[in-house]
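Summary of the model geometry
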Amino acid sequence: MFNSGGLRPRFFGHSPVKTLSIGKMNNRAKRVWGIAGICIALAGLVWSVFGQTATHRFVNFDDATYVYRNPVVIRGIAVPGIKW
């Protein structure tokens, strides 16, 4: 935990205070902005593909059969419903 020479604490073999040079800080900032750019691009891609569905009408082909007229679903959470 402490080095043999004195009062400076050492954690896992490294000094607790790290100094970064300007070059390392720029590389770190570039990496962070690169990751942020990738996230924004992916969000834009997802919106461009699936955003068009926001204007679609609701379609309920089988809701009556599988949801609100289904006797197993109407009974609520019970052992027969879980087995089903």
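Everything numeric in this text was worked out from a predicted model, so none of it was measured.

Below, the discussion takes up the overall build of the chain. Looking only at helices and strands, the chain has four helices and zero strands in total. Shown N-terminal to C-terminal, the secondary structure of the chain runs as helices and strands in the order α-α-α-α. Looking at the chain as a whole, 4% of its 84 residues qualify as buried. Here the chain displays about 8,200 Å² of accessible surface, and carbon together with sulfur accounts for 66% of that area.

Next up on the list: the side chain of Asn 70. Within the secondary structure, Asn 70 sits in the loop between helix H2 (63-68) and helix H3 (71-74). Among the polar contacts listed, one links the side chain of Asn 70 to the backbone nitrogen of Val 72, at a separation of 3.0 Å. Beyond its immediate stretch of four places on either side in the chain, Asn 70 contacts Ala 64, Thr 65 and Trp 84.

This paragraph deals with the confidence of the model for the chain. Confidence in the prediction of the chain, expressed as mean pLDDT, is 77, and 70% of residues score 70 or more. Here H2 stands out as the element of the chain with the lowest mean pLDDT, 77, in contrast to helix H1 (residues 22-50), whose mean of 88 is the highest.

The next thing to look at is a nonpolar patch on the surface. On the surface, a nonpolar cluster with roughly 590 Å² of combined accessible area is contributed by Ile 38, Leu 42, Leu 45, Val 46, Val 49 and Phe 50. Mapped onto the fold, Val 46 is located in helix H1.

Conventions used here
Residues numbered from 1 in each chain as written. Predicted model: local features only at pLDDT ≥ 70, side-chain atom pairs only at ≥ 80, totals over all residues. Heavy atoms only, no water. Helix = DSSP H or I, 4+ residues; strand = E, 2+ residues; numbered from the N terminus. Buried < 20%, exposed > 50% of the residue type's maximum accessible area, 1.4 Å probe, protein only. Areas by Shrake-Rupley, 256 points an atom, 1.4 Å probe, with all protein chains shown as cover. Polar contact = N/O pair within 3.5 Å; in protein donor to acceptor, adjacent residues only side chain to side chain. Contact = heavy atoms within 4.5 Å. pLDDT = per-residue confidence, 0-100. Patch = residues over 30% accessible without salt bridge, like charges linked within 9 Å, V, L, I, M, F, W, Y side chains within 5 Å. Salt bridge = Lys/Arg side-chain N within 4 Å of Asp/Glu carboxyl O.

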